[in-house]
Amino acid sequence: MTTASSLETRVGRVTLKNPVLVASGTFGFAREYERLFPISALGGVMVTGITLEPRAGNPPPRLMETPAGLLNSIGLENPGVHKFIEEELPRLRDLGTEIIVNISGFSLDEYGRLAEILDKETGLAALEVNISCPNVKKGGMTFGVHPESAAAVTRMVRQSTSLPVWVKLSPNVTDIVEIAQAVVDAGADALTLINTLSGMAIDPEKRRPVLGNVFGGLSGPAVKPVALRMIWQVYQAVTVPLVGMGGIINYRDALEFIMAGATAVAIGTGLFLDPFSPLKVIEGLQGFLAKNPEETIRDLIGAAHCSP
Ligand SMILES: Cc1cc2nc3c(=O)[nH]c(=O)nc-3n(C[C@H](O)[C@H](O)[C@H](O)COP(=O)(O)O)c2cc1C
């Protein structure tokens, strides 16, 4: 029989009431959405990327719609970790869902400091480590594109907290499996993927790039096949749980990610199309399981890899 527990899933040490999360940077600190629906309905909230110091983000324009996607160059606008703890965390703790804090650093030390500071706080389920940030000490190359630097960030965060460490992989690499393995060897409890794909747009009238930052990150349905392929490959290579994201807008998309190997999924850009989409995805998964009453969502993880 399909029950609420049919949707329960476990990302390592973290139990989620259902496998549907919201992706970092697309749900803010849940303030706006709190007015729309009970956040406790979600499996979890991955909060907007937090840095050590407050950040104003990149110059405008910072968003552009593309066919089947969105280009963004928000540039990690956030109040900084101390204000986050003072002004946002007390409310987030009481939402009745798992809170995953997404952290971004511009040096190894910054990642370590953020993990140490957040380690002292109660009510957090896990840290999600965004490794798509430029390493300012090494000429601006992002940490996530080399196995060595990706592993170094993971090790630093691992040493600085007893919270579960989920590392968020960048798709802007030649071999995502190599990075995934390096990060798992360095102590990641789970992997989340994918972050946005690097892209740009040009305004022909102005003869200039559209985004103030020239480059931005592509998300939404346009990236789904790429994300799915990466989940599939990483699932075959590592044993830690995966949280899949990239273009999920309905329950069938979520099922594809789960059957490719994701233990849970996150919705990002889909929220801009329909803010209620996470609830609809949860309902859709429930409906799918009702048709196969002997199965739970856990039985579907990686199901597409099994030979018929
Ligand atoms: C407006 C916007 C802001 C984002 N901010 C962050 C962020 O702060 N940290 C992060 O790790 N990912 C960030 N992302 C990436 C998303 O969390 C997600 O990985 C990506 O958009 C793919 O999922 P989607 O296609 O469902 O949006 C952001 C994405 C968007 C569209």
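Residues numbered from 1 in each chain as written. Predicted model: local features only at pLDDT ≥ 70, side-chain atom pairs only at ≥ 80, totals over all residues. Heavy atoms only, no water.

As for the overall build of the protein
Part 1: A tally of helices and strands in the protein yields 10 helices and 16 strands.
Part 2: Scaling as 2.2 N^0.38, a compact globule of 308 residues should have a C-alpha radius of gyration of about 19 Å, and the protein matches this with 18 Å.
Part 3: Viewed in the frame of its principal axes, the protein has a C-alpha envelope of about 55 × 50 × 40 Å.
Part 4: Residues classed as buried in the protein amount to 53% of the 308 residues present.
Part 5: Expressed as a percentage of contacts within the protein between residues at least 6 apart in sequence, the contacts between residues at least 24 apart total 70%. (Helix = DSSP H or I, 4+ residues; strand = E, 2+ residues; numbered from the N terminus. Rg over C-alpha atoms; globule rule 2.2 N^0.38 Å. Buried < 20%, exposed > 50% of the residue type's maximum accessible area, 1.4 Å probe, protein only. Contact = heavy atoms within 4.5 Å.)

A look at the environment of glutamate 110
Part 1: Turning to its location among the elements, glutamate 110 is positioned in helix α3 (residues 108-119).
Part 2: Note on glutamate 110: relative accessible area 23%, which makes it partly exposed.
Part 3: For the pair glutamate 110 and threonine 51, spaced 59 residues apart in sequence, the C-alpha to C-alpha distance is 8.1 Å.
Part 4: For glutamate 110, the residues in contact, after removing those within four places along its chain, are Leu52 and Gly105.
Part 5: Of the polar contacts made by the side chain of glutamate 110, one reaches the backbone nitrogen of phenylalanine 106; its length is 3.2 Å. (Polar contact = N/O pair within 3.5 Å; in protein donor to acceptor, adjacent residues only side chain to side chain.)

A closer look at the site of the ligand
Part 1: Close to the ligand lie 22 residues; Ser24, Lys168, Gly220, Gly247 and Thr269 are nearest.
Part 2: The backbone of glycine 49 places a nitrogen or oxygen atom 3.1 Å from an oxygen atom of the ligand.
Part 3: Between the ligand and glycine 247 there is a distance of 2.7 Å, counted from an oxygen atom to a backbone nitrogen or oxygen.
Part 4: Bound to the protein, the ligand loses 94% of the 610 Å² it would expose on its own.
Part 5: Per-class residue counts for the shell around the ligand are six nonpolar, 15 polar and one charged. (Near = heavy atom within 4 Å. Areas by Shrake-Rupley, 256 points an atom, 1.4 Å probe, with all protein chains shown as cover. Nonpolar A, V, L, I, M, F, W, Y, C, P; charged D, E, K, R; others polar.)

Focus: the sheet that holds strand β14 (residues 215-219)
The strands that make up a sheet are held in pairs by hydrogen bonds between backbone atoms, and each pair lies either parallel or antiparallel.
Part 1: Within the open sheet, the four strands sit side by side as β5-β6-β14-β11. Their pairing is antiparallel. Of all the strands in the sheet, the pair left with one neighbour each is β5 (63-66) and β11 (197-200). Across the sheet, the mean angle from the axis of one strand to that of its neighbour is 35°, orientation sign disregarded.
Part 2: The sheet contact formed by β5 and strand β6 (residues 69-72) spans four bridges and is antiparallel. The partner of leucine 63 across the bridge, within β6, is asparagine 72. (Pairing = 2+ DSSP bridges. Axes fitted to C-alpha atoms, helices over the stretch in contact; angles between N-to-C directions.)

Topic: the pattern of salt bridges
Part 1: Considering all chains together, one arrives at 10 salt bridges under this definition.
Part 2: With a shortest N-O distance of 2.9 Å, glutamate 121 and arginine 93 are connected by a salt bridge. Of this pair, glutamate 121 sits in the loop between α3 and β8 (126-130) while arginine 93 sits in helix α2 (residues 81-93), and the two are 28 residues apart along the sequence.
Part 3: Residue classification places glutamate 121 among the partly exposed residues on the basis of a relative accessible area of 22%.
Part 4: Among the residues examined, arginine 93 registers a relative accessible area of 29% and is labelled partly exposed.
Part 5: The partner of lysine 280 in a salt bridge is aspartate 274, and the shortest N-O contact between them spans 2.6 Å.
Part 6: Judged by its relative accessible area of 48%, lysine 280 is partly exposed.
Part 7: Counted as one network, the salt bridges with shared partners bring together Arg31, Glu34, Glu88 and Arg91. (Salt bridge = Lys/Arg side-chain N within 4 Å of Asp/Glu carboxyl O.)

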